[in-house]
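Chains, contacts and geometry: an overview
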Amino acid sequence: MNAIVAVITIAMATNLHAKTLSFPSFQIEVPADWEHSIESDPADHPGNVARLRDPDRPGNLKLLSYDAPVLVGKEKLRNMTNMDASIPLNWQQWGDYSGYEYNYVERGSFYRQWWLVNGRALIFITYQSDPESKDSDTAQIDRIVRSITAMPH
């Protein structure tokens with residue numbers, strides 16, 4: 001019983017200390033103490049770019065959102081990952097979006113990437129940190145990505 005109360009208390013505390021960032025096609029919950037910037041530059045990206053970071057941690061999260069002209073299914077999204085077909089990627093649910101996630105270490109940095117879709121709305125997410133922090137950041141980054149809510153069109 002105490003474990004259930006603790007989980008509910010943590011969940012409520014997490015929600016009380018979160019802020020909602022809104023984009024044309026989605027919303028995402030971010031811890032209140034996280035810094036963020038939102039850019040919209042149609043010349044470079046035909047969507048919005050959000051950069052998020054915990055000022056007390058080394059990692060950062062970058063989201064690029066884009067509305068495709070057509071519905072994007074599993075196969076088309078898999079092709080957008082540009083990952084070799086021999087690399088297994090599992091279809092997963094992240095908030096109101098579905099797609100693929102891939103983790104790797106390259107040049108001394110740890111990366112998590114998501115390619116997510118909800119109809120025509122695409123979100124490409126990259127989390128970059130040092131390899132030593134990856135395990136301690138996993139739960140919080142998962143919570144943020146799972147908070148994605150689709151906006152009605």
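Residues numbered from 1 in each chain as written. Predicted model: local features only at pLDDT ≥ 70, side-chain atom pairs only at ≥ 80, totals over all residues. Heavy atoms only, no water.

**Examining the sheet that holds strand β2 (residues 26–31)**
The condition is simple: Strands pair, by our definition, only if DSSP identifies at least two bridges between them. We count a stretch as a helix when DSSP gives it H or I for four or more residues in a row; a strand needs E for two or more, and each element gets its number in order from the N terminus.
Reading across from one edge, β1-β2-β10 is the order of the three strands in this open sheet, with antiparallel pairing throughout. Two strands bound the open sheet, and with one partner strand each, they are β1 (18–22) and β10 (149–150). Of the pairings in the sheet, the one linking β1 to β2 comprises five bridges and is antiparallel in character. Opposite Thr-20, over in β2, you have Glu-29 as the bridge partner.

**Let's talk about the environment of Thr-126**
The test is simple: Whether two residues are in contact is decided by their heavy atoms: any pair within 4.5 Å suffices.
Tracing the chain through its elements places Thr-126 in strand β9 (residues 121–129). Considering only alpha carbons, one finds Thr-126 and Trp-115, 11 residues apart in sequence, at a separation of 9.1 Å. Not counting residues within four places of it along the chain, the set of residues in contact with Thr-126 comprises Asn-60, Leu-61, Lys-62, Tyr-111, Arg-112 and Gln-113.

**Observations regarding the side chain of Ser-147**
Spelled out, the test is: For every residue, the accessible area (1.4 Å probe, protein chains only) is compared with the maximum for its type, and the residue is labelled buried under 20%, exposed over 50%, or partly exposed between those bounds. What qualifies as a polar contact is a pair of N or O atoms within 3.5 Å, subject to a donor-acceptor requirement within protein and to the restriction that residues adjacent in sequence count only when both atoms come from side chains.
Tracing the backbone shows Ser-147 in the loop between α3 (134–146) and β10. On the basis of relative accessibility, which here comes to 17%, the residue Ser-147 falls in the buried class. Polar contacts involving the side chain of Ser-147 include one to the main-chain carbonyl oxygen of Ile-144, which spans 2.6 Å. The contact partners of Ser-147, leaving out residues within four places of it in the chain, are Gln-27, Ile-28 and Glu-29.

**Examining the pairing of β9**
Looking at chain direction, strand β5 (residues 60–67) and β9 are connected through eight bridges and run antiparallel. Considered in β9, the bridge of Leu-61 is made with Tyr-127. As defined by bridge partners, strand β8 (residues 109–118) adjoins β9 across nine bridges and the pair is classed as antiparallel. When the bridges of β9 are listed, Phe-110 appears paired with Ser-129. Count of turn residues in the β8/β9 antiparallel hairpin: two residues, of which Gly-119 carries a positive phi of about 70°.

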